[in-house]
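Listed here are the chains, written in short residue letters.
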Amino acid sequence: MEITELDKKIVRAMQDEMPLVAEPFKLIAEEIDSTEDEVLARLKLMQEAGALRKMGAVLKHREVGFAANALCVWVVPEERMDEVADIMCRHMAVTHCYDRNVTPDWPYNFYTMIHGSSREDCEAIAEQLAQETGVTRRTMLYTGKEWKKTSMSYFV
Amino acid sequence: MQDTLELTELDKRLLNLLQGSLRLVPRPFRMIGDELGMTEEQVLVRLQALKEAGYIRKIGAFFNSDALGYRGTLVALKVKPELMEETALFINQFPGITHNYQREGEYNLWFTLITPNERLRQDILAQIKALSGVEAMMDLSARKKYKINVQFRLK
């Protein structure tokens, strides 16, 4: 879809926290000199087009009991990529699945973010994924210090 | 974060529902309340409390960078351990860097970069690659995104 000037205003007004009020879209519309109907209509279009990926909450995973997380990277044969991705994506504990470039130094082409209550939990999930897909070559990159974690600010 | 607020059964149902989706309707919190047998006001008050207690990272809209004309990538660095902090802080300064995490392994610092054009992307990556703490850099662009869905089912 083509992103209009109004869409950009909506994105700018909505990319941070949504106001916790009864009529949030009305408040946002007022901020950008639009109407609630128009804002909702454009957001629905963006949602259908995939430009708005999610409306809702993201929790702080550590605080809600998912203390361990690992970027688990795999070597998946190219011809099995879609099939393997399909199996891995079905798991709730796997929040991200990406096919990425390799480098001469780095053969891993499939990336999964795994969240668990402990390291053992993450290992068990990875092992289960390996069993279900038959992909055996993997490495677990556990998250250490988080130097930065923010949402992107678009059109600023 | 305060540790004083324990999640109740109702909180968990509320957060599970809200992670799934908030409807694009004039009064979205009333709809959430209807499903849970809560009033709109109760939902809003409770969400405010859960936010203040540190359980919620963000309630709102999550956009897809590709669809907005941006390009994202994941970059892995081998950083000399003694220069980790200054390297990480230098990287943090760019607004397009949204995640910057230390990880175990030979490649020990991993960041995501979202940029509106190729020139800016190249410029930022060149500056980072030139840092004295950086021994190697890999630009691991995505070829295909199969899933992005951060939801934690609370039981």
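Residues numbered from 1 in each chain as written. Chains lettered and ligands numbered in written order. Predicted model: local features only at pLDDT ≥ 70, side-chain atom pairs only at ≥ 80, totals over all residues. Heavy atoms only, no water.

Draft legend 1. Seen up close, the overall build of chain B. Secondary structure summary: chain B contains 5 helices and 6 strands in total. Secondary structure elements in chain B, listed N-terminal to C-terminal, are α-α-α-β-β-α-β-β-α-β-β. Over its C-alpha trace chain B gives a radius of gyration of 20 Å, far above what one expects of a compact globule, namely 15 Å for 155 residues. Taken across its 155 residues, chain B has 52% of its residues classed as buried. Once local pairs closer than 6 in sequence are excluded, the contacts in chain B between residues at least 24 apart make up 63%. (Helix = DSSP H or I, 4+ residues; strand = E, 2+ residues; numbered from the N terminus. Rg over C-alpha atoms; globule rule 2.2 N^0.38 Å. Buried < 20%, exposed > 50% of the residue type's maximum accessible area, 1.4 Å probe, protein only. Contact = heavy atoms within 4.5 Å.)

Draft legend 2. Seen up close, the sheet that holds strand E4 (residues 110–116) of chain A. Spatial strand order, E5(B)-E2(B)-E4(B)-E3(B)-E5(A)-E2(A)-E4(A)-E3(A)-E6(B): 9 strands in an open sheet with antiparallel pairing. Among the strands making up the open sheet, the edge pair consists of strand E5 (134–139) and strand E6 (142–148) of chain B. Recorded for the sheet is a direction-independent mean angle of 25° between the axes of neighbouring strands. For strand E3 (residues 94–100) of chain A and E4(A), the ladder comprises 5 bridges, and the chain directions are antiparallel. When the sheet's bridge partners are listed, His96(A) is paired in E4(A) with Met113(A). Here helix H4 (residues 81–89) of chain A sits on the sheet in contact with strand E2 (68–74), E3 and E4 of chain A together with E6 of chain B, set at roughly 25° to E6(B). Packing of helix H5 (residues 119–133) of chain A onto the sheet brings it into contact with E2, E3, E4 and strand E5 (138–149) of chain A, and relative to E5(A) it is tilted by some 135°. (Pairing = 2+ DSSP bridges. Axes fitted to C-alpha atoms, helices over the stretch in contact; angles between N-to-C directions.)

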